[in-house]
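# Descriptive analysis of the structure
So you can see what is in the structure, the chains are spelled out below.
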Amino acid sequence: MKKNVILAGGSGFLGNQFSDFLAKKNYNVHVIDLKKLGNKRNIFFYKCDLTKERLVKEIIYKIYKKFKSIDVLINCVANDYIPKKNKTSKFEDLNINNFESDLKVGITTSLIVIKHVVKFMKKQKSGSILNIGSDLSIISPNQEIYDGFTKPISYSIVKHGIIGLTKYISTYFAKDNIRCNTLCPGGIYNNQPSNFVRNLKKLIPLKRMAKINELNESMYYLIS
């Protein structure tokens, strides 16, 4: 029987890569996101605002009822902060409403999805959860690499929070044979401004950013 993977926020840059990779590995991939793409072989899309718990609960139940298992959850939900010239998110100008919205998208959504997935994983006595963090889950941003842009504090707090969430879930549900890990990639090339890429490459021992497909095997190992 095929294993079933839920990809929360799976219509994004990294999620798209993961869904195609897992579909080729013959998993059923269930993508839950605001952006709904067309279903493909082994890939099913469910349009949903992941901050709305009732809707998330209904979709997860629907998946379990039809496919009889939820084996893996990958949380790819994130606010993207692509550096753009003249855009600033300086701490001194912090908008608390925007900050709280970032936390809701970056942390609360992952918590909601985990809450409603683990009840089925507990029934199965097995499951794997993978949260997507960042190198900024471990270090602070180097603001000098950005040109006319400040990496917002909400991004750091969200990514550090993902580590805390992972530690909590991994120990809390260990008795139920449910594992939880975080994948923390560094910079991934996505047509960022050339000046930013040049500045960042100087800080990376390989002198280049990651290619999008280089994370597939690490992801696959952690959910296996």
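Just above, that's the structure.
What comes next concerns the included structure. Note that the structure is a prediction, hence the values are computed from the model and not measured.

### A word on the overall build of the protein chain
Counting its secondary structure elements, the protein chain contains 6 helices and 6 strands. For the protein chain, the α and β elements follow one another from N to C terminus as β-α-β-β-α-β-α-β-α-β-α-α. Computed over C-alpha atoms, the radius of gyration of the protein chain comes to 18 Å, within 12% of the 17 Å expected from 2.2 N^0.38 for 224 residues, which places it in the range of a compact globule. For the protein chain, with 224 residues in total, the buried portion stands at 47%. Long-range pairs, those at least 24 residues apart, make up 70% of the contacts in the protein chain between residues at least 6 apart in sequence. Surface exposure of the protein chain reaches about 12100 Å², of which carbon and sulfur atoms provide 53%. Taken together, the 37 basic and 17 acidic charged side chains of the protein chain have centroids lying 8 Å from each other.

### So, the sheet that holds strand S2 (residues 28-33)
Strand-to-strand pairing in sheets goes through backbone hydrogen bonds, with the strands running parallel or antiparallel. The strand order across the open sheet built from 6 strands is S3-S2-S1-S4-S5-S6, with neighbouring strands paired in parallel fashion. Pairing within the sheet leaves two strands with one partner each, and these edge strands are strand S3 (43-47) and strand S6 (178-183). The mean inter-strand angle of the sheet, taken between neighbouring strand axes irrespective of direction, is 15°. Sheet analysis places strand S4 (residues 72-75) next to strand S5 (residues 127-132), joined by 4 bridges and oriented parallel. If you follow Val-72 over to S5, its bridge partner there is Ser-128. Packing of helix H3 (residues 96-124) onto the sheet brings it into contact with strand S1 (4-8), S4, S5 and S6, and relative to S4 it is tilted by some 175°. Most of the contacts of helix H6 (residues 216-223) go to S6, to which it runs at about 160°, and overall it touches S4, S5 and S6.

### Comments concerning the nonpolar core
Side chains of a nonpolar character, in soluble globular proteins, are inclined to be buried together. Among the nonpolar cores identified, the biggest contains 29 residues, and Ile-32, Ile-60, Ile-70, Leu-73 and Ile-129 are the most heavily contacted of them. Those residues within four positions of Ile-32 in sequence are excluded, and the remaining contacts are Ile-6, Leu-7, Ala-8, Gly-9, Gly-10, Tyr-46, Cys-48, Leu-50, Ile-59, Ile-60 and Ile-63. Within the second largest apolar cluster, 23 residues are counted, among which are Phe-18, Cys-76, Leu-183 and Leu-222.

### Observations regarding H6
Those residues of H6 that fall on the buried side of the exposure criterion are Asn-216, Met-219, Leu-222 and Ile-223. For H6, the angular spread of buried residues about the axis comes to 135°, placing them on one side.

### With respect to the packing of helix H1 (residues 13-24) against H6
Viewed as axis vectors pointing N to C, H1 and H6 meet at an angle of 65°, and their least axial separation amounts to 10 Å. Our pair here, H1 against H6, has a crossing hand that is right-handed. Along the contact surface, H1 presents Gln-17, Phe-18, Phe-21 and Leu-22, while H6 presents Asn-216, Glu-217, Met-219, Tyr-220 and Ile-223. Looking at side-chain class alone, the contact of H1 with H6 contains 6 nonpolar, 2 polar and 1 charged residues.

### Focus: the pattern of salt bridges
This structure, assessed with the given rule, holds 5 salt bridges. In this structure, the salt-bridge partner of Glu-53 is Lys-115, at a minimum N-O distance of 2.7 Å. Taken together, the residues Glu-53 in helix H2 (residues 53-67) and Lys-115 in helix H3 connect sequence positions 62 residues apart. We note a salt bridge from Glu-58 to Arg-54, for which the minimum N-O separation is 3.0 Å. Of this pair, Glu-58 and Arg-54 both sit in helix H2, 4 residues apart, which is roughly one turn of the helix. A relative accessible area of 43% places Glu-58 in the partly exposed class.

### Here we look at unusual backbone geometry
In this model, Lys-125 sits at a positive phi of 60°, which is unusual for a non-glycine residue. Here Lys-125 lies in the loop between H3 and S5. Positioned with a positive phi, Lys-207 is a non-glycine residue whose angle comes to about 60°. Tracing the backbone shows Lys-207 in the loop between helix H5 (194-201) and H6. Accessibility expressed as a relative area gives 48% for Lys-207, which makes it partly exposed.

Parameters at a glance
- Residues numbered from 1 in each chain as written.
- Predicted model: local features only at pLDDT ≥ 70, side-chain atom pairs only at ≥ 80, totals over all residues.
- Heavy atoms only, no water.
- Helix = DSSP H or I, 4+ residues; strand = E, 2+ residues; numbered from the N terminus.
- Rg over C-alpha atoms; globule rule 2.2 N^0.38 Å.
- Buried < 20%, exposed > 50% of the residue type's maximum accessible area, 1.4 Å probe, protein only.
- Contact = heavy atoms within 4.5 Å.
- Areas by Shrake-Rupley, 256 points an atom, 1.4 Å probe, with all protein chains shown as cover.
- Lys, Arg positive; Asp, Glu negative; His and termini not counted.
- Charge placed at Lys NZ, Arg CZ, Asp CG, Glu CD.
- Pairing = 2+ DSSP bridges.
- Axes fitted to C-alpha atoms, helices over the stretch in contact; angles between N-to-C directions.
- Core = buried A, V, L, I, M, F, W, Y, C linked by side-chain atoms within 4.5 Å.
- Arc of directions from axis to C-beta.
- Left-handed = near helix turned anticlockwise from the far one by under 90°.
- Nonpolar A, V, L, I, M, F, W, Y, C, P; charged D, E, K, R; others polar.
- Salt bridge = Lys/Arg side-chain N within 4 Å of Asp/Glu carboxyl O.

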